[in-house]
Amino acid sequence: MGEIIKPKEITNTVNVHTFYCDECNKKLIESEEDIYDGYYNNPFEEISVHIFDDWYKVTLCLCDECMKKYQVKLIKCLETFGFKKEEI
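Within any chain, residue numbers begin from 1 and follow the written order of that chain's sequence. Selection of residues for local features in this predicted model requires a pLDDT of at least 70, selection of side-chain atom pairs for listing and counting requires 80 or more, and totals for whole chains, interfaces and linings are taken over all residues. Where side-chain values are given, they derive from all heavy atoms of the structure, hydrogens and water being excluded.

Chemist: Just checking my understanding: could you explain the overall build of the protein for this structure?
Modeler: Going along the chain from the N terminus, every DSSP run of H or I of four or more residues is numbered as a helix, and every run of E of two or more is numbered as a strand. In terms of regular secondary structure, the protein is built from 1 helix and 4 strands. Reading the protein from its N terminus to its C terminus gives the helix and strand order β-β-β-β-α. Its C-alpha atoms give the protein principal-axis dimensions of about 85 × 30 × 25 Å. For the protein, buried positions account for 11% of its 88 residues. Long-range contacts, defined here as pairs at least 24 residues apart, represent 22% of the contacts in the protein between residues at least 6 apart. Summed over its atoms, the accessible surface of the protein is roughly 8,400 Å², and 52% of this surface lies on carbon and sulfur atoms. The averaged location of the 18 negative side-chain charges in the protein is 7 Å from the averaged location of its 11 positive side-chain charges. Burial classes follow relative accessibility: with a 1.4 Å probe on protein chains only, a residue under 20% of its type's maximum area counts as buried, one over 50% as exposed, and anything between as partly exposed. Any two residues whose heavy atoms approach within 4.5 Å are treated as being in contact. For the area figures, the Shrake-Rupley method with a 1.4 Å probe applies, and any residue is considered shielded solely by the protein chains shown. Charged residues are defined narrowly, with Lys and Arg counted positive, Asp and Glu counted negative, and His plus the chain ends left uncounted. A charged residue contributes its charge at one atom only: NZ of Lys, CZ of Arg, CG of Asp or CD of Glu.

Have a look at this one:
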């Protein structure tokens, strides 16, 4: 009779990661995990500061508006200690 081909339905379930701003709780993105390696996009940003011999870092999940507010607060804090923007 030879070969017979029959379609077979396959259903997969994947994890969907939903990210929200840490400050205002605005929904940022949804990202589906890759079914093979588990990879997914995420909007977390890491800010690092080198002071003397140490690195300090913070990992944030912020919308654009809240990130700008955070940057302004961080810069103002540094300026209170006498830091100035370096002109390159």
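Chemist: Any chance you could explain the nonpolar core here in plain terms?
Modeler: Within soluble globular proteins, side chains that are nonpolar tend to cluster in buried spots. We call a set of buried Ala, Val, Leu, Ile, Met, Phe, Trp, Tyr and Cys residues a nonpolar core when their side-chain atoms join them within 4.5 Å. Within the largest apolar cluster, 6 residues are counted, these being Cys21, Leu60, Leu62, Cys63, Cys66 and Met67. Contacts of Met67, omitting those with residues within four sequence positions, involve Glu45, Ile47, Leu60 and Leu62.

Chemist: Help me understand a nonpolar patch on the surface, please; the structure alone is not making it clear to me.
Modeler: Taken together, the side chains of Val49, Ile51, Phe52 and Tyr56 present a nonpolar region at the surface, about 430 Å² in accessible area. Relative to the helices and strands, Val49 resides in strand E3 (residues 45-51). For patches, a residue must show more than 30% relative accessible area and have no salt bridge; joins then use 9 Å for like charges and 5 Å for nonpolar side chains, namely Val, Leu, Ile, Met, Phe, Trp and Tyr. For salt bridges, the criterion is a side-chain nitrogen of Lys or Arg within 4 Å of an Asp or Glu carboxyl oxygen.

Chemist: Is there a simple way to explain the pairing of strand E1 (residues 16-20) in this structure?
Modeler: A regular strand places its side chains on the two faces of the sheet in alternate fashion. By the bridge criterion, 5 bridges tie E1 to strand E2 (residues 27-32) in an arrangement that is antiparallel. Across the sheet, residue His17 finds its bridge partner in E2, namely Ser31. Counting the residues in the hairpin turn of E1 and E2 gives 6 residues, including Asn25, whose phi is positive at 70°. Note on pairing: DSSP must find at least two bridges between two strands before they are called paired.

Chemist: Please clarify how the packing of aromatic side chains should be interpreted in this entry.
Modeler: Centre-to-centre distance and the angle between the planes together describe a pair of aromatic rings. Pairing of aromatic rings covers Phe, Tyr and Trp, the last through its six-membered ring, and needs centres within 6.5 Å; plane angles under 30 degrees mean stacked, over 60 mean edge-to-face, and all others mean tilted. Per the stated rule, a full pass over the model turns up 2 aromatic pairs. Their ring planes at 25° and their centres at 6.2 Å tell us that Phe19 and Tyr40 sit as a pair that is stacked. Here the residue Phe19 occupies a position in strand E1, and Tyr40 occupies one in the loop between E2 and E3, the gap between them amounting to 21 residues. Note on Phe19: relative accessible area 10%, which makes it buried. Centroid distance Phe19 to Phe44: 5.6 Å. Interplanar angle 85°. Geometry classified as edge-to-face. Placement of Phe19 in strand E1 and of Phe44 in the loop between E2 and E3 is noted, with a sequence separation of 25 residues between them.

Read these as geometric descriptors, not functional statements.
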